[in-house]
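# What the coordinates show
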Amino acid sequence: MAELPCAEPLPRCSGRFTISTLLGAEEAAGCEGTQLSGSSLCTRTFGYNTVDVVPAYEHYANSRGVGEAGRGRPSLADLHSILKPDPGHLRVPLPDPQCSNGLPDAEEGSGEPSSAPAAEPVRFGWVKGVMIRCMLNIWGVILYLRLPWITAQAGIALTWLIILMSVTVTTITGLSISAISTNGKVKSGGTYFLISRSLGPELGGSIGLIFAFANAVAVAMHTVGFAETVRDLLQAQILFFLVILVSFINYLVGTVIPASAEKQAKGFFSYRADIFAQNFVPDWRGPEGSFFGLFSIFFPSATGILAGANISGDLKDPALAIPKGTLMAIFWTTVSYLVLSATIGACVLRDASGSLNDSVAVGSPGCEGLGCSYGWNFTDCAQRQSCRYGLSNYYQSMSMVSGFGPLITAGIFGATLSSALACLVSAPKVFQCLCKDQLYPLIGFFGKGYGKNSEPIRGYMLTYAIAIGFILIAELNAIAPIISNFFLCSYALINFSCFHASITNSPGWRPSFRYYSKWAALFGATISVVIMFLLTWWAALIALGIVIFLLGYVLYKKPDVNWGSSMQASSYNLALSYSVGLSEVDEHIKNYRPQCLVLTGPPNFRPALVDFVGTFTKNLSLMICGNVLIGPSKQKVLEARQASDGHTRWLLKRKIKAFYTNVLAEDLRSGVQMLLQAAGLGKMRPNIVTLGYKRDWQAAAPQSLEDYVGILHDAFDFKHGVCLLRLREGLNVSRVPQAHINPAFGAAEHPDGNGAGSRAAPSTGIADPEQQASTIFQSQQGKKTIDIYWLFDDGGLTLLIPYLLGRKKRWGKCKVRVFVGGQINRMDEERKAIVSLLSKFRLGFHEVHILPDINQQPRPEHIRRFDELIAPFRLNDGFKDEAAVNELRHGCPWKISDEEVHRHRAKSLRQVRLNEILLDYSRDAALIAITLPIGRKERCPSSLYMAWLETLSQDLRPPVILIRGNQENVLTFYCQ
């Protein structure tokens, strides 16, 4: 488009596009009245007037599905199609990329504009929000009370190994958290949000629930405190952090202060090389004196790395804060553990009596042990294992070593209370996000947030109640192992999330944190599960059982959420891999599966046809519902796109495992030809065309009759089998308003099979036969019969489909009867031959009937009825030659010449006689399956062929399925 002159100068930049800044008066007039999708504008982007817009943050914020147009971006139709005038069209201005920083003015998805600006929520950086929280949650009573004892048991060397092994798991998990948290914007919900958005709602929901519960009980494991906001809790935790740091400094100062006689009696001698050497090797004691026994005691003290991630919604920049804060917290706490273990192991003996009377002169006889060289004789208590002091016996060794003991006590209180507060914040935040996602019933009440930070006050109260309850129970030792295993389940799934997202090679997996390894993440997931069983095997089984139960519930409920999880990417990868691999496998009769292209039109129009095919293809083979949209492509393109999702949802709601596809065509037959050639993928392509019987063929337009029969010919030309289903009540329920009509369409007009519109009739409140017929294949069939008339050998398809139906529960009580034609003087021999053949096929069909009267003359009244049926379609040419007949039939190829009536007389009478037999033998059957007669192409007029089908299947109450294979074997009795 040519650039238009500006009518007035551009106003000063205010941070947003306006109509006047983008267009002059004439340009605005030029764009005024154009109808655009979304909020697109005619903008002066590159010096000329265009509908295109420049890249902006708003176009990608809150995007959901693939192909969904971003907010403010013009749709493809806006750019590609002719703009329609719409004077009332509202156009929303977009941010000016030259006058703004590219960020939104408010949080996306805020909804309605408010008159007053919303209060700015409290946000924390990586130090306060993540590092300090994680360090306080990792530090605990084990640091002060158990690490010296572990050093005495395992020695400094193995203690360091225990620490480094534990830190390896937490570091790998920290790297996985960093990768996941930098792969897109992280919102509130912490661990649950990370796992659920990565692995999907099934695993995410189960872990979210138990993780919130574990944090709530962990409050009781430490102590109980309550504050109203995260800000108050953070302030309290900073105080605790300072107390712990002071206690550390106090301890380190105490190690260099010369030991008093009282401290020497308790085993402290300041730094000594020989004490370090003695404590460097292990000295196992008691029932817990083993490497993995001590590992199980220490490992819970290395956990707590998720404390920062769990308040992800309260961080200024979660993508920066979570990786940096978590890894720094792991580093500094690891250093503190290693330093404490080495320093106390170099200062304190394993055994000491604490009695000042045990001082002796250096080198006194009878004195054994390292204390003798320092003038103390601890031999007696060491031999009798009655020493009260020393690393192996006194849990308060750190307090004894420190410069001022009460500061260590304060550090213990600080570590305990800080861990409790971290869990008190984590549990409600995670639980709130889980409640908002509505994966589980009866928990939505706790999802409500209050204040500018959307504080989960109700969640705080619930956590407080759970904590108080478990404190009153006072049996925390029994549940503590289960809680530890819940945390380890979270670690395992976080690592597996990182591994799974990496291994699927999804283009959406683009974490900005690059220092991770998918194989390290897999190792972290595996080792987390192993550690669960090393800690407490019975608790690991309970934890896994709860996870599996919650997982099964979500799998059963199938929540309507779409988070773009790696499970979806994995499903695609597996499907693609197996589909490509299947193309390399040669077909074999033993692996034949009836893969059906079902010409349903809109599937909700012919529910009985969909149900019938879905019954024998479910969990077995491919089913594609095909719909031909007839009419001008410009009008039908939008309809096709909108209808596709609605029809797919209808199939899912009806529990039909099938695909839906539609094509645009000028007429029905050409559309079906497209489907025959293009439907499917690789070896997963239809080999059977299934369609409904055309009931109105006598009154329909002659060309539609020609097209219908032509579709059958096309199916055979493409080497497909054909199944044709006829119900007495008919298949098309599009004119009946009932639950089978897709709610996405309502009572609007729908195109029928020929592309014409049809409007739903008003409901009368009376059960219509068509309504009843639409559910005929969803009910139990009872103890009826499935009658198979295997009149001609089509390769075995006429037998296979009833066999597959009989394997389903709804048809399981039906008895299968097989009818074949024969001669009256050879009935026994022919029956034995068919029974022998069926037994080799292993179909379980034992009841075989020979029809010796199949070639008898039909009743005269039935013959007359057939003649009356074809009379409107006859040329009555008086047996003229072929050239004259063709001239008479010009423009109406469905007409039947006298010579054709005479030539096909025997076949016509055969259909009349077969109908009599069906009425005699199968009047009360659940289903009649009969071999479909074939009319030779260009030799049998379509009207005559339809008269055969009409005569064969008329007046029958049971459903009739006419089947014809492609004359290639689908059954075999060989094993190779």
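Model, not experiment: these values are computed from the prediction.

Quick notes on the rules
- Residues numbered from 1 in each chain as written.
- Predicted model: local features only at pLDDT ≥ 70, side-chain atom pairs only at ≥ 80, totals over all residues.
- Heavy atoms only, no water.
- Helix = DSSP H or I, 4+ residues; strand = E, 2+ residues; numbered from the N terminus.
- Buried < 20%, exposed > 50% of the residue type's maximum accessible area, 1.4 Å probe, protein only.
- Contact = heavy atoms within 4.5 Å.
- Areas by Shrake-Rupley, 256 points an atom, 1.4 Å probe, with all protein chains shown as cover.
- Core = buried A, V, L, I, M, F, W, Y, C linked by side-chain atoms within 4.5 Å.
- Patch = residues over 30% accessible without salt bridge, like charges linked within 9 Å, V, L, I, M, F, W, Y side chains within 5 Å.
- Salt bridge = Lys/Arg side-chain N within 4 Å of Asp/Glu carboxyl O.
- Lys, Arg positive; Asp, Glu negative; His and termini not counted.
- Charge placed at Lys NZ, Arg CZ, Asp CG, Glu CD.
- Pairing = 2+ DSSP bridges.
- Axes fitted to C-alpha atoms, helices over the stretch in contact; angles between N-to-C directions.
- Phe/Tyr/Trp six-rings, centres within 6.5 Å; stacked < 30°, edge-to-face > 60°.
- Lys NZ or Arg CZ within 6 Å of the ring centre and 35° of its normal.
- Right-handed = clockwise from strand over helix to strand, strands pointing away.
- Left-handed = near helix turned anticlockwise from the far one by under 90°.
- Nonpolar A, V, L, I, M, F, W, Y, C, P; charged D, E, K, R; others polar.
- Expected span 1.5 Å × (residues − 1).
- Arc of directions from axis to C-beta.
- Polar contact = N/O pair within 3.5 Å; in protein donor to acceptor, adjacent residues only side chain to side chain.
- pLDDT = per-residue confidence, 0-100.

### Some remarks on the overall build of the chain
Each helix and strand in the chain was counted, giving 32 helices and 14 strands. Each of the 976 residues in the chain was classed as buried or not, and the buried ones make up 51%. Taking as baseline every contact in the chain between residues at least 6 positions apart, the subset at least 24 positions apart corresponds to 80%. Summed over all atoms, the accessible surface of the chain reaches about 46100 Å², with 58% contributed by carbon and sulfur.

### Some points on the nonpolar core
Ranked by size, the top nonpolar core spans 112 residues in total, and within it Y144 and F298 carry the most contacts. The dominant element in this core, judged by the number of residues it contributes, is helix α5 (residues 141–181), at 16 residues. Here F298 is in contact with I142, L147, I150, I162, I163, S166 and Y337, once residues within four sequence places are set aside. Counting 57 residues, the second largest nonpolar core, distinct from the first, contains V628, A715, V722 and L949.

### Notes on a positive patch on the surface
A surface patch of positive charge is lined by K558, K618, K655, K657 and R810. In this structure, K618 sits in the loop between α21 (607–617) and β4 (623–630). Take K618: its relative accessible area is 33%, and that puts it in the partly exposed class.

### Describing the sheet that holds strand β14 (residues 960–964)
Read from one edge to the other, the open sheet built from ten strands follows the order β5-β4-β3-β6-β7-β14-β13-β10-β11-β12, with strand pairing classed as mixed. The sheet terminates laterally at β5 (659–665) and β12 (847–851), the two strands that pair on one side only. Along the sheet, successive strands turn relative to each other by an average axial angle of 20°, direction set aside. Sitting on the sheet, helix α23 (residues 668–678) is in contact with β3 (596–599), β4, β5 and β6 (688–692), with an inclination near 135° to β5. Contacts from helix α31 (residues 905–921) reach β10 (785–789), β11 (815–821), β12 and β13 (927–931), with the element oriented near 160° to β10.

### Details of the packing of aromatic side chains
Taken as a whole, this structure holds 28 aromatic pairs when the rule is applied. Seen from their ring centres, F612 and F616 are 5.7 Å apart, and the 75° between their planes marks the pair as edge-to-face. Pair noted here: F612 and F616 are both in helix α21, with a separation of four residues, about one helical turn. The interplanar angle of 10° and the centroid separation of 4.5 Å between the aromatic rings of Y789 and F819 together place this pair among those described as stacked. Of this pair, Y789 sits in strand β10 while F819 sits in strand β11; the two residues are 30 residues apart in sequence, bridging distant segments of the chain. Each member of the pair, Y789 as well as F819, is classed as buried. A connected cluster of aromatic rings, assembled from ring pairs, spans W139, Y144, F241 and F248. Stacked on the ring of Y395, the Lys or Arg R146 has its end atom at 4.0 Å from the ring centre.

### Examining the pairing of β6
Summarising burial for β6: five of the five residues are buried, a large majority. Burial along β6 is two-sided: I688, T690 and G692 facing one way and V689 and L691 facing the other are all buried. For β3 and β6, the ladder comprises three bridges, and the chain directions are parallel. Each residue of the ladder has a partner; that of V598, found in β6, is T690. Relative to strand β7 (residues 721–726), β6 is paired through five bridges, and the arrangement is parallel. Its bridge partner lying in β7, L691 is registered against L724. Read as a crossover between parallel neighbours, the route from β6 over helix α24 (residues 702–717) to β7 is right-handed.

### Re the packing of helix α28 (residues 860–870) against helix α32 (residues 942–953)
Direction vectors running N to C along α28 and α32 enclose 145°, while the axes themselves pass 10 Å from each other. In the packing of α28 onto α32, the handedness of the crossing is right-handed. In contact with F866, L869 and I870 of α28, α32 contributes L944, A947, W948, E950 and T951. Grouping the constituent residues of the contact of α28 with α32 by class yields six nonpolar, one polar and one charged.

### Examining the side chain of S341
Relative to the helices and strands, S341 resides in helix α12 (residues 318–345). Setting aside anything within four residues of it in sequence, one finds S341 in contact with L147, T151, I156, T159, W160 and I163.

### Remarks on the pattern of salt bridges
Any two side chains of opposite charge can pair if their charged atoms end up close together. Counting across every chain of the model gives 19 salt bridges. A salt bridge links R913 to D853; its shortest N-O distance comes to 2.9 Å. With R913 in helix α31 and D853 in the loop between β12 and α28, this pair connects stretches of sequence that are 60 residues apart. Classification of D853 by relative accessible area gives buried; the value is 18%.

### A word on unusual backbone geometry
The phi dihedral of N619 falls on the positive side, at around 60°, and the residue is not glycine. Tracing the backbone shows N619 in the loop between α21 and β4. Taking relative accessible area as the criterion, N619 reaches 59% and is therefore assigned exposed. Even without being glycine, R842 reaches a positive phi, approximately 60°. Relative to the helices and strands, R842 is located in the loop between α27 (827–841) and β12.

### Quick look at the side chain of T182
If you trace the backbone, T182 turns up in the loop between α5 and α6 (190–199). Residues in contact with T182, not counting those within four places in the same chain, are A319, P323, R510, P511, S512 and F513.

### What to know about the pairing of β12
Direction of pairing for β11 relative to β12: parallel, over a ladder of five bridges. In the strand pairing of β12, G821 is matched with L851. Each parallel crossover has a hand, and for β11 linked through α27 to β12 it is right-handed.

### Observations concerning helix α18 (residues 518–535)
Over its 18 residues, α18 runs 26 Å from end to end, which matches the ideal 26 Å to within 8%, given 1.5 Å per residue. Where α18 is concerned, the buried positions are A521, G524, A525, S528, I531, M532 and L535. For α18, the angular spread of buried residues about the axis comes to 130°, placing them on one side. A distance of 3.3 Å separates the backbone nitrogen of W519 from a side-chain oxygen at the start of α18, and that oxygen is part of S517.

### Digging into the environment of H902
Within the secondary structure, H902 is located in helix α30 (residues 898–903). Sequence spacing of H902 and F879 is 23 residues, and the spatial spacing of their C-alpha atoms is 9.3 Å.

### A few points about the confidence of the model for the chain
Scored by pLDDT, the chain comes out at a mean of 78, with 80% of its residues at no less than 70. Scored below 50 in pLDDT, residues 65–70 makes four contacts in the model with residues more than four places away or belonging to other chains.

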